[in-house]
Amino acid sequence: QPVTEGLSENRRVDAARNKVVFVIGTTSDLEAGATMVISAPVGFKFQQNCLMDLGDASGTTNLQSLFPAVSSCTGNLETATIEIASFWEMEFYGFFIVVENPSVTPGSNHWSIIIYDNGGAVRMAEAWIRGFSLQEILYAAMVPFNPANAIAGEAAQNQV
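Residues numbered from 1 in each chain as written. Predicted model: local features only at pLDDT ≥ 70, side-chain atom pairs only at ≥ 80, totals over all residues. Heavy atoms only, no water.

A. Geometry of the state of the cysteines. In this structure the tally under the stated criterion is one disulfide. Each sulfur in the disulfide pair cysteine 50 and cysteine 73 lies 1.9 Å from the other. With the S-S dihedral at roughly -90°, the linkage between cysteine 50 and cysteine 73 falls on the left-handed side. Of this pair, cysteine 50 sits in the loop between β2 (35–39) and β3 (54–56) while cysteine 73 is found in strand β4 (residues 70–76), placing the two residues 23 residues apart along the sequence. (Disulfide = S-S within 2.5 Å. Helix = DSSP H or I, 4+ residues; strand = E, 2+ residues; numbered from the N terminus.)

B. Broad picture of the sheet that holds strand β7 (residues 110–116). Spatially, the five strands line up as an open sheet ordered β4-β5-β2-β7-β8, and their pairing is antiparallel. Strands with a single pairing partner mark the edges of an open sheet, and in this sheet they are β4 and β8 (122–130). Taken pair by pair, the neighbouring strands of this sheet meet at an average axis angle of 10°, ignoring direction. Sheet analysis places β2 next to strand β5 (residues 79–84), joined by five bridges and oriented antiparallel. Bridge pairing in β5 places methionine 36 opposite isoleucine 82. (Pairing = 2+ DSSP bridges. Axes fitted to C-alpha atoms, helices over the stretch in contact; angles between N-to-C directions.)

C. Quick look at the sheet that holds β3. Spatial strand order, β1-β6-β3: three strands in an open sheet with antiparallel pairing. For this open sheet the edge positions go to β1 (18–25) and β3, each flanked by a neighbour on one side alone. Strand-to-strand, the axes of this sheet are offset by a mean angle of 25°, without reference to chain direction. By the bridge criterion, three bridges tie β3 to strand β6 (residues 92–99) in an arrangement that is antiparallel. For leucine 54, the partnering residue across the bridge sits in β6 and is isoleucine 97.

D. Expanded view of the environment of asparagine 62. The topology assignment puts asparagine 62 in the loop between α1 (58–61) and β4. Classification of asparagine 62 by relative accessible area gives exposed; the value is 68%. Sequence separation between asparagine 62 and tyrosine 93 is 31 residues, and the spatial gap between their C-alpha atoms is 9.7 Å. (Buried < 20%, exposed > 50% of the residue type's maximum accessible area, 1.4 Å probe, protein only.)

E. Just the packing of aromatic side chains, in detail. In total, this model carries 10 aromatic pairs according to the counting rule given. It is lysine 19 that lies over the ring of phenylalanine 96; its NZ or CZ is 4.6 Å from the centre. (Phe/Tyr/Trp six-rings, centres within 6.5 Å; stacked < 30°, edge-to-face > 60°. Lys NZ or Arg CZ within 6 Å of the ring centre and 35° of its normal.)

F. Broad picture of the pattern of salt bridges. One pass over the structure, following the stated rule, counts three salt bridges. In this structure, the salt-bridge partner of arginine 11 is glutamate 9, at a minimum N-O distance of 3.2 Å. Taking relative accessible area as the criterion, glutamate 9 reaches 54% and is therefore assigned exposed. When the shortest N-O distance is used, the salt bridge between arginine 123 and aspartate 117 registers 3.9 Å. (Salt bridge = Lys/Arg side-chain N within 4 Å of Asp/Glu carboxyl O.)

G. Seen up close, unusual backbone geometry. Even without being a glycine, aspartate 14 presents a positive backbone phi close to 60°. In this fold, aspartate 14 is placed in the segment before β1.

Put into structure tokens, the structure is as follows:
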């Protein structure tokens, strides 16, 4: 059972626990033992043992199908490898996983999901899931200011 009480989407920079929700549609049935690999943009981090950070999100996405049972979730920086423990029907599913946000929105801001069958063959993939922007200051600039100048850029008198 995931530990998610009080947990929600958190787009603040460096947030340690951001609940990211995905909705996916599988294109075929899969036997137990399938593997799903989620790759986040550079800078996001999954917990090494992410099993408690992963769960069904059908309630928040208004989907009827529950995400299949998961036997393990292993994070390695921007990659989470999820082992599916039960039969996985062709259907739409909502699930969430918790990540740690980076300090800035990555320049290449796309997530990917690859699903392998229990024999290791790629069955489904999506490499360009558009990411989200973090709450950061945009277009910040420093403007020199000298109160002795009446007009910006005007040379101030030197009282020597």
